[in-house]
2 protein chains.
Amino acid sequence: MAQRLIVIGGNAAGMSAASQARRRCGRDELEIIAFERGHFTSYSSCGIPYWVSGLVDGPEKLVARDPETFRRRFEVDVRMRHEVVGIDLDRREVIARDLVGGGEVRERFDDLMYATGALPIRPAWAETNVHGVFGMQTLDDGAALIDWLEGEPRPRRAVVVGGGYIGVELAEAMLQRGLTVTLVEKADQPMSTVDEDMAELVVDAMRELGVHVRTGIGVTGIEERDGRVSAVVTEEGPIPADVVVLGLGVRPDTGLAEAAGIPLGPSGAIRVDRRMRVPGLPGVWAAGDCVECLHRISGMPVHVPLGTHANKQGRVAGTNIGGGYATFMGIIGTAVTKVCDLEVGRTGLRERDASAAGFEFVSVVAESTNRAGYYPGTRPMTVKLIAERPSGRLLGAQIVGWSEAAKRIDTLAAALWNGMTVDDMTALDLGYAPPYAPVWDPVLIAARKAVDVLHHPSR
Amino acid sequence: MAQRLIVIGGNAAGMSAASQARRRCGRDELEIIAFERGHFTSYSSCGIPYWVSGLVDGPEKLVARDPETFRRRFEVDVRMRHEVVGIDLDRREVIARDLVGGGEVRERFDDLMYATGALPIRPAWAETNVHGVFGMQTLDDGAALIDWLEGEPRPRRAVVVGGGYIGVELAEAMLQRGLTVTLVEKADQPMSTVDEDMAELVVDAMRELGVHVRTGIGVTGIEERDGRVSAVVTEEGPIPADVVVLGLGVRPDTGLAEAAGIPLGPSGAIRVDRRMRVPGLPGVWAAGDCVECLHRISGMPVHVPLGTHANKQGRVAGTNIGGGYATFMGIIGTAVTKVCDLEVGRTGLRERDASAAGFEFVSVVAESTNRAGYYPGTRPMTVKLIAERPSGRLLGAQIVGWSEAAKRIDTLAAALWNGMTVDDMTALDLGYAPPYAPVWDPVLIAARKAVDVLHHPSR
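As recorded by an unreviewed UniProt entry, chain A carries the name NADPH-dependent 2,4-dienoyl-CoA reductase, sulfur reductase and is attributed to Micromonospora avicenniae. The heading Sequence similarities (unreviewed entry) in the UniProt record of chain A holds the text "Belongs to the class-III pyridine nucleotide-disulfide oxidoreductase family." The UniProt entry for chain A carries the following comment under Cofactor (unreviewed entry): "FAD".

Here it is as structure tokens:
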């Protein structure tokens, strides 16, 4: 009899696992059932801001593979609009509710792939029946926001609460739709994924774009009129709002796991081993935005919900479920985004992370340009490096600049992954041509500066 | 009494050495004299095509530091239009000819920095008094070409002989000036810095641009009228030409060194040790386009004349001359260029290099895109990887594509520098956001494909 794999969650991690397992095992060996509570499978959450702005048609274009493709090409029994409401680890069954037709089904599994993803963080004041307040994680969330933005009375004033990637990207997207946009951030600075000195460059760009950025203000509630949001209430008074988007980050969706006795790690997400197995529970796998990963630089378990990790992890889990061998070797915290044309890249530890991990370090900020100084269109590029003292080992890097800034972080990510010191990095043989770099690439200039500071701290 | 450093050659390597040495030693410790036979110091040869095309004003903008800056800021006795014609290693003197005022001077040195650079390769037929035939290496070469292109009778038909970087870039530059351009290449394909399958993509782009690319044709001579070039003679008949540019590469300018008894390495360029010293000749240093470097992947000495190496090597030499400690750790052959908007990057070994070095290897070509598929402006990107078999160790990589293709080679260069296997590379944590990459970066997609081919050669 065929083994049976049940997948909970039809997005990147779960469906990568399903398709990878299927590549290794035919239907006679492995039956696969996937439950998805929403309307879409395998989509790009990261594309939602560009759908909202109108740059990308959605939602179909954001779907990498739809349920029919999984059914036909991968012979996966995909059950859409089915929410798994319970896992019985003893009987090895899941209980799923049909959100459309009603009723529940129980299905037996040999292997269970837990890939529920993450949920937007909603403070108490956002747990409301008032319409017009949106968390943003799934395509269904994106569709709901767009319906609202296109409904009547037409929203004109948007407030984004929280300045992470999604918040910053959606602020720009709604501005491009013609709304006035205020971003409210409790901390001193939004964009806390980079250090404050680098975030300042991003905030300047947001303000120049026309986003009202208000920092150091906590949100305490909302006001409503006729069941529709009318303002965000802050410590400094109300801010009128026809639409509110939460940009406070996401938390792993672990409710089902906790109820079933699947243990969480110190980050609050599900612990997995190198092969994406839940330790101590044979045949139970987890991957994607609901799990924690090892941060290779700090050595700590962290929750970093990004599609790139979810895809890798799903692939690893599926390979193993299918009888192959694969491991997920952790992350180093690489991420890129943009505000208008200003590009932002980061990898490794910020200063605060380096301190929290116990490192002593130096940090340098080097100004240079994306092209040879004389080449048309040359723009400034700022590279920050954080290096252990006295070893010089790279701990983290951040880049802010225009064209070709963001993805330069990959060069630093590869250096970081390999444990290079900034001394080593000054020798790197990087591409040079006037349209693409000064003769000393910004990465090399920053490494040289870090070496100077490490070896000649008095300069 | 102050020690005296004499620098032969006032471009990147020589003047980086001079300024680095000066940073460490004041004038009372070190006297520095630099001889330059041309009209410019410390300039970007790589910028010449953009000067020729009119994109960049020249020549001043291409000069990073002019003689006056070196005299005032670095207290270097820069002697322009002085050609060193002899080196007496026994008496530790150089003999320099004043190309303007006439006469010769002899100057004593304690340290000698040999940084003569490279010379365009001129076949016998190009050793001629006929006007309108140009090699291209120095700013003076660029100025001579531009004078000719702007003179009367105005040249209308250009022939570029040889399809290396300079040839390809100058073909485009002259096309942009309104000339008809033919590129004649003896080999089956120009752009031999990448493998033939990748070069084909570049040639397609050149042809689309309007360059007449003629391959497999040797040039045997030129025809002239009134002392001006009128045609290039080939094995397949004459090609009319009002201007001929040599794009056959460069050779190290070692004449003086050979005459003085400075030994050359197997590549035909000057041998140096890790600190840029000429072995066996204390106080004699060499750097830049006249030296050979260790190729870290093949383990062979190679001659790779590029500004980025010249700057690094000059800095290393200058640090050591100034009493510090620095080493040059070799190259891996990274280079980038573009043809119109088509970007080309390469690092490490091509297939033929890998074979010549004795490696067994697999090579894969992976097609993907520079952005998420749904994001506007997404264009194809082709990544080729060459990996040792069976170890999987990366040996080389090539990228051809549009926006953000060329500098992606740096990620691969960092992986290569660190000896990563393609298996390791599939785990790399690279930046992902829809405007900058698909969720699996082209680099990761190529690495995955290489792993598949290595481990499942039958697929």
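Having put the structure on the table, let's press on.
**Student:** I'm lost on the interface of chain A and chain B in this one. Help?
**Tutor:** When the parts come together, some accessible area is lost, and that loss is often what is quoted as the size of the interface. In this assembly, 54 residues from chain A lie in contact with 54 residues from chain B. Where chain A abuts chain B, roughly 5,100 Å² becomes buried across the two surfaces, and 61% of that area is made up of carbon and sulfur atoms. Of all residues in chain A, A:Tyr374, A:Asp429 and A:Tyr436 give up the largest surface area on contact with chain B, accounting jointly for 16% of the area buried on that side. In this assembly, chain A and chain B are joined by two salt bridges. Note that B:Lys407 is salt-bridged to A:Asp441, the shortest N-O span being 2.6 Å. Elements with a contribution of two residues or more to the side of chain A that touches chain B: helix 8 (307-321), strand 21 (335-339), helix 10 (409-417) and helix 12 (442-455) of chain A.

**Student:** What should I look at first to understand the sheet that holds strand 12 (residues 212-215) of chain A in this one?
**Tutor:** Strand-to-strand pairing in sheets goes through backbone hydrogen bonds, with the strands running parallel or antiparallel. Residue and element names in this part refer to chain A. Across the sheet, five strands lie side by side as 9-16-10-11-12; this open sheet has parallel pairing. Edge positions in the sheet fall to strand 9 (133-134) and strand 12, since each of these pairs with one other strand and no more. Inspection of the sheet shows strand 9 paired to strand 16 (residues 243-246) by two bridges, in the parallel sense. Looking at the pairing, phenylalanine 134 lines up with valine 245 of strand 16. Sheet contacts for helix 5 (residues 165-176): strand 10 (157-161), strand 11 (180-185) and strand 16; angle to strand 11, the most-contacted strand, approximately 165 degrees.

**Student:** Looking at this model, I keep getting lost on the sheet that holds strand 25 (residues 394-401) of chain A. Mind explaining?
**Tutor:** Residues and elements named next belong to chain A. If you trace the five strands from one edge of the open sheet to the other, you get 21-22-25-24-23, paired in antiparallel fashion. Only two strands of the sheet have a single partner each, and these edge strands are strand 21 and strand 23 (361-369). Geometrically, the sheet is characterised by an average inter-axis angle of 15 degrees between neighbouring strands, direction not taken into account. The sheet contact formed by strand 23 and strand 24 (residues 380-388) spans nine bridges and is antiparallel. Residue pairing for strand 24: valine 364 is matched across the bridge by leucine 385. Against the sheet, helix 5 engages strand 21 and strand 22 (342-348), with an angle of about 25 degrees to strand 21. Here helix 12 sits on the sheet and contacts strand 23 and strand 24; the angle it forms with strand 23, its principal contact strand, is near 145 degrees.

**Student:** Help me understand the relation of the copies chain A and chain B in this model?
**Tutor:** Applying a rotation about an axis and a shift along it to one chain copy brings it onto the other copy. For the pair chain A and chain B, the best superposition has an RMSD of 0.0 Å and corresponds to a rotation of 180 degrees with a translation of 0.0 Å parallel to the axis. Both copies are brought into coincidence by an operation consistent with a two-fold rotation axis. When C-alpha positions in chain A are compared against the rotation axis, the closest is assigned to A:Thr411, at 2.2 Å. Looking at chain A, 100% of its interface residues are interface residues in chain B too, so the copies touch through the same face.

**Student:** Please explain the side chain of A:Asp429 as it appears in this structure.
**Tutor:** Among the secondary structure elements, A:Asp429 is positioned in the loop between helix 11 (422-425) and helix 12. In this structure, A:Asp429 is buried with no salt-bridge partner, the nearest side chain bearing the opposite charge being B:Lys312 at 5.1 Å. At 2.8 Å, the side chain of A:Asp429 and the backbone nitrogen of B:Ile332 are in polar contact. Here the side chain of A:Asp429 touches B:Gly333 through a polar contact of 2.9 Å, landing on its backbone nitrogen. If we ignore the near neighbours within four places in the chain, the residues touching A:Asp429 are B:His309, B:Lys312, B:Ile331, B:Ile332, B:Gly333, B:Thr334, B:Ala413 and B:Trp417.

Reading guide: rules and limits
Counting of residues starts from 1 at the beginning of each chain's written sequence and follows it residue by residue. Chains and ligands are labelled by the order in which they are written, letters from A for the one and numbers from 1 for the other. Restriction of local features to residues with pLDDT of at least 70 applies here, the model being predicted, together with a cutoff of 80 or more for giving and counting side-chain atom pairs; totals for whole chains, interfaces and linings are based on all residues. Only hydrogens and water are set aside; all other atoms, that is, all heavy atoms of the structure, feed into the side-chain values. UniProt positions are given in the numbering used here, feature names are shortened, and annotations may be inferred rather than shown by experiment. Residues count as neighbours in contact if any of their non-hydrogen atoms are within 4.5 Å of one another. A 1.4 Å probe defines the accessible area here, and the buried area is the portion of it lost by two parts on being joined, summed over both. Salt bridge, as applied in this entry: a Lys or Arg side-chain nitrogen positioned within 4 Å of an Asp or Glu carboxyl oxygen. Comment: elements are numbered from the N terminus, with helices defined as DSSP H or I runs of at least four residues and strands as E runs of at least two. Only strands joined by at least two bridges in the DSSP assignment are considered to pair. Inter-axis angles, ranging from 0 to 180 degrees, are taken between N-to-C directions of lines fitted to C-alpha atoms, where helices are fitted over the stretch in contact. Superposing the copies works by least squares over the C-alpha atoms of residues that have pLDDT at least 70 in both of them. Classification of residues uses two cut-offs on accessible area relative to the type maximum, computed with a 1.4 Å probe and protein chains only: under 20% is buried, over 50% is exposed, and between them is partly exposed. Positive charges come from Lys and Arg, negative ones from Asp and Glu, while His and the chain ends are left out of the count. Any N or O atom pair separated by 3.5 Å or less is treated as a polar contact, with the protein-specific requirement of one donor-capable and one acceptor-capable atom, and with residues adjacent in sequence counted only for side-chain atom pairs.

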